[in-house]
Amino acid sequence: MGGEQQHYYGKHGTPQKYDPTFKGPIYNRGCTDIICCVFLFLAIVGYVAVGIIAWTHGDPRKVIYPTDSRGEFCGQKGTKNANKPLLFYFNIVKCASPLVLLEFQCPTPQICVKKCPDRYLTFLNARVSQDWEYYRQFCIPGFQDNKGLAEVLRDGDCPAVLTPSTPLAQRCLPAIHAHKGVLMVGNETTYEDGHGGRKNITELVEGAKSANGVLEARQLAMQIFEDYTVSWYWIIIGLVIAMVMSLLFIVLLRFLAGIMVWVMIVLVILVLGYGIFHCYMEYTRLRGEAGSDISLMDLGFQTDFRVYLHLRQTWMAFMIILSILEVVIILLLIFLRKRILIAIALIKEASKAVGYVMCSMLYPLVTFFLLCLCIAYWATTAVFLSTSNEAIYKVFDDVTTCPVIGKTCNPETFPSSNESRLCPGAHCQFAFYGGESGYHQALLGLQIFNAFMFFWLANFVMALGQVTLAGAFASYYWALHKPDDLPAFPLFSSFSRALRYHTGSLAFGALILAIVQTIRVILEYLDQHLKAADNKFAKFLMTCLKCCFWCLEKFIKFLNRNAYIMIAIYGTNFCTSAKNAFFLLMRNIIRVAVLDKVTDFLFLLGKLLVVGSVGILAFFFFTHRIRIIQDTAPSLNYYWVPIMTVIVGSYLIAHGFFSVYGMCVDTLFLCFCEDLERNDGSQERPYFMSPDLRDILLKGSAEEGKQAEVEE
């Protein structure tokens, strides 16, 4: 570098004179991007208003409880149907009508009942027998026994026939079973339709399938919920183990960075190797077992994921994936072996910085708490918005020639209306939730605004965390005599500076990212609707747009992260900080490739080590393969539920701890590049980097430069 360097590249990207008073993050700074701060405040006020409107009109009970033909909830406390939790269909066969897909409701009367029918009865037989009182509980409330059969069936007062049924997702569906390959209800293969004729059980099956369109998903959700209720204690223990492992790893990095990195690399290779070995043993064990050679394509999608573990092809796929991952990691380690040594030096320096600002390890909890608030508000508002429609009643009739079928009606006035006289057999019943008011027409726009605000606020929370950590670690780097020159409470000082002066800049960066993410969500929504259309050009264009915006989002995240570091140090606005950070990185592009990305790779290995170790432990525990404590593990519907929860939670916990290190490395790296341009190592302009870091980084940079010259 030498004493020839008289300038550094300042806040406008042009050579500036050396500033001997600069000693890290500037304290005398002004507010930046005030307009964006005002916009954020107004947007939050609007977001609160949308939430209040949604909470006023919405009713989450529409999602939880089934609804009868009058739009009343079954089993909901405080209503007249509180002791009637099940929904009963008068004629389940009509649920096979295409109208179900259009109106989201079966065109047959539905009532709430205490329990499902457990015997086979027809209206004609029950009316003249001792079963009449039992039969009447499945008629509409208030039914008066003064009508003939034709009038009862026309008005939809009672079902024509009862069949033995079982409850599924709070619905009574026919208890159909197979005996020697023949479908039966009870002991019958046919049933009376209540009009003197007999029908095949397969017609009940078709109706039950349509009525059960979303019930299987709800049943799956209920079983998953049951698994959580019996395994939540063990899930928390698994997450605590992941937290302890992550914290222990971080603490050991503080004192044994070099050794821990190599131990981590070896352990990752061993964990993946064991995974490959276990998959091979399972693949070999299933050889010759009945049904194990069925392909995944022939099996199709199954809600019970345990079925897949009995297929040899599943374990072969796992083994191939792990083998590819193992080979890729080993090849990367071979080609990056010299650069890893340089990255370890940067990690050692980051360990020192984290050690002096130890409270930074707790800051991810603040980010996690704020993100939970954003997610909770968004999810609650989304549910209330989606359930803020009104009950819509429409005319249903068995006769397709009725001219008023499908028109809206009022169930209270329908019996005396003109529509009732035009179609004597028609009845007015609940169809779906909707509305034609201005508010109901704006629901889609409000949902988009809800998603946009969630992205904006979530990105703002992430930006606040990045600026806070960057300011604290920059204070460490620019302290000439470490740690004596380190200011008191660097993390709190950085947090207060970020909120006081740079809320607008953080909002600006988060806004740009939120716009791109919202566009990506809209593209995904459009892509789902275009899948049914056979337009190859539209699919190609949609794929290109999705790819472009994915790349744009990744670039903006990278640029924002480095811009926030410059904001934390210099207090400049977002655009200036982003420009200065970008050009600073471009002037040090070789170092970016050598150091920044290699350390990211090493941290990724650390996350994989934590997640892999805890995941393997959870797999053996919940599958009862640890003999010492196999009786302690709970019985589950799907053991993959707690396993996947532990794996995802472990990754988030490990990511939270390692993200502090990642932000520290990025900050120190950017400060290092700035230090090289500001100073020359002389007594008048000494480097702020530690001697060990200077020797390794400058040596590594010189070697990279010589290698680049040779390649040219």
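If you check an unreviewed UniProt entry, the protein appears there as Choline transporter-like protein from Phyllostomus discolor. According to UniProt, the comment filed for the protein under the heading Sequence similarities (unreviewed entry) is "Belongs to the CTL (choline transporter-like) family." Its UniProt record gives the protein a comment under Function (unreviewed entry), which states: "Choline transporter."

Chemist: Outline the packing of helix 15 (residues 443-477) against helix 21 (residues 640-678), listing residues and values.
Modeler: Two numbers describe how helix 15 lies on helix 21: the axes approach to 9 Å, and their chain directions differ by 50 degrees. The orientation of helix 15 with respect to helix 21, classified from their angle, is oblique. In the packing of helix 15 onto helix 21, the handedness of the crossing is right-handed. Along the contact surface, helix 15 presents Gln466, Leu469, Ala470, Phe473, Ala474, Tyr476 and Tyr477, while helix 21 presents Val660, Met663, Cys664, Thr667, Leu668, Cys671, Phe672 and Asp675. The residue inventory of the contact of helix 15 with helix 21, partitioned by class, reads 12 nonpolar, two polar and one charged.

Chemist: Quick rundown of the pairing of strand 7 (residues 165-168)? Include the residues and the values.
Modeler: Taken together, the four bridges between strand 7 and strand 8 (residues 171-174) define a ladder with antiparallel strand orientation. From the neighbouring strand, Pro167 faces strand 8, where its bridge partner is Cys172. From the end of strand 7 to the start of strand 8, which pair antiparallel, there are two residues, and Ala169 there has a positive phi angle of about 55 degrees.

Chemist: Please give an account of the nonpolar core that cites residues and values.
Modeler: In terms of nonpolar packing, the biggest core is built from 120 residues, with Leu253, Trp456 and Leu602 touching the most fellow members. A per-element tally of this core places helix 15 first, with 19 residues. Beyond its immediate sequence surroundings of up to four residues, Trp456 is in contact with Phe39, Leu40, Ala43, Ala507, Ala510, Leu511 and Ala514. Core analysis: the next-biggest nonpolar cluster, separate from the first, contains 19 residues, Leu86, Phe123, Tyr134 and Phe138 among them.

Chemist: Outline the sheet that holds strand 4 (residues 110-113), listing residues and values.
Modeler: In spatial order, the strands read 4-3-8-7; together these four strands make up an open sheet with mixed pairing. In this open sheet, the two strands that pair with only one neighbour each are strand 4 and strand 7. Averaged over all adjacent pairs, the angle separating strand axes in this sheet is 40 degrees, with direction ignored. Summarising the sheet, strand 3 (residues 86-89) and strand 8 pair through two bridges and their orientation is parallel. Paired with Phe88 across the bridge in strand 8 is Cys172.

Chemist: Could you give an account of the pattern of salt bridges, naming the residues involved and the relevant values?
Modeler: All told, the structure shown has nine salt bridges when counted by the stated rule. A salt bridge links Glu72 to Lys80; the nearest nitrogen and oxygen atoms lie 3.3 Å apart. For Lys80, a relative accessible area of 61% translates into the label exposed. As a salt-bridge pair, Arg285 and Glu282 come within 2.7 Å of each other at their nearest N and O atoms. Here Arg285 pairs with Glu282, and both are found in helix 8 (residues 215-285), just three residues apart, close to one helical turn. Owing to a relative accessible area of 8%, Glu282 belongs among the buried residues under this scheme. Residues joined in a network through salt bridges with shared partners are Asp118, Arg119 and Asp131.

Chemist: Just give me the short version of a nonpolar patch on the surface, but keep the residues and values in it.
Modeler: Where nonpolar side chains cluster on the molecular surface, the patch consists of Leu247, Leu248, Val251, Leu252, Phe255, Leu256, Ile259, Val263, Val266, Leu267, Leu270 and Met358 and spans about 1,000 Å² of accessible area. Position of Val251 among the secondary structure elements: in helix 8. By relative accessible area, Val251 is classed as partly exposed at 31%.

Chemist: Give me the lowdown on the state of the cysteines, citing residues and values where you can.
Modeler: Inspection of the entire model under this criterion finds three disulfides. For Cys116, the disulfide goes to Cys172, at an S-S distance of 2.1 Å. Its S-S torsion of approximately -90 degrees makes the covalent link between Cys116 and Cys172 left-handed. Of this pair, Cys116 sits in the loop between strand 4 and strand 5 (121-122) while Cys172 sits in strand 8, and the two are 56 residues apart along the sequence. Exposure class is identical for Cys116 and Cys172. Each is buried. We note that Cys31 lacks a disulfide partner, and the nearest cysteine sulfur, in Cys37, lies 7.9 Å from it.

Chemist: Now, about unusual backbone geometry: what can you tell me, with residues and values included?
Modeler: The phi torsion at Asp33 lies on the positive side, around 50 degrees, for a residue other than glycine. Summarising the element assignment, Asp33 is placed in the loop between strand 2 (15-17) and helix 1 (34-57).

Parameters and conventions
- Residues numbered from 1 in each chain as written.
- Predicted model: local features only at pLDDT ≥ 70, side-chain atom pairs only at ≥ 80, totals over all residues.
- Heavy atoms only, no water.
- UniProt positions renumbered as here; feature names shortened; annotations may be inferred.
- Axes fitted to C-alpha atoms, helices over the stretch in contact; angles between N-to-C directions.
- Helix = DSSP H or I, 4+ residues; strand = E, 2+ residues; numbered from the N terminus.
- Parallel < 35°, antiparallel > 145°, perpendicular 65-115°, else oblique.
- Left-handed = near helix turned anticlockwise from the far one by under 90°.
- Contact = heavy atoms within 4.5 Å.
- Nonpolar A, V, L, I, M, F, W, Y, C, P; charged D, E, K, R; others polar.
- Pairing = 2+ DSSP bridges.
- Core = buried A, V, L, I, M, F, W, Y, C linked by side-chain atoms within 4.5 Å.
- Buried < 20%, exposed > 50% of the residue type's maximum accessible area, 1.4 Å probe, protein only.
- Salt bridge = Lys/Arg side-chain N within 4 Å of Asp/Glu carboxyl O.
- Patch = residues over 30% accessible without salt bridge, like charges linked within 9 Å, V, L, I, M, F, W, Y side chains within 5 Å.
- Areas by Shrake-Rupley, 256 points an atom, 1.4 Å probe, with all protein chains shown as cover.
- Disulfide = S-S within 2.5 Å.

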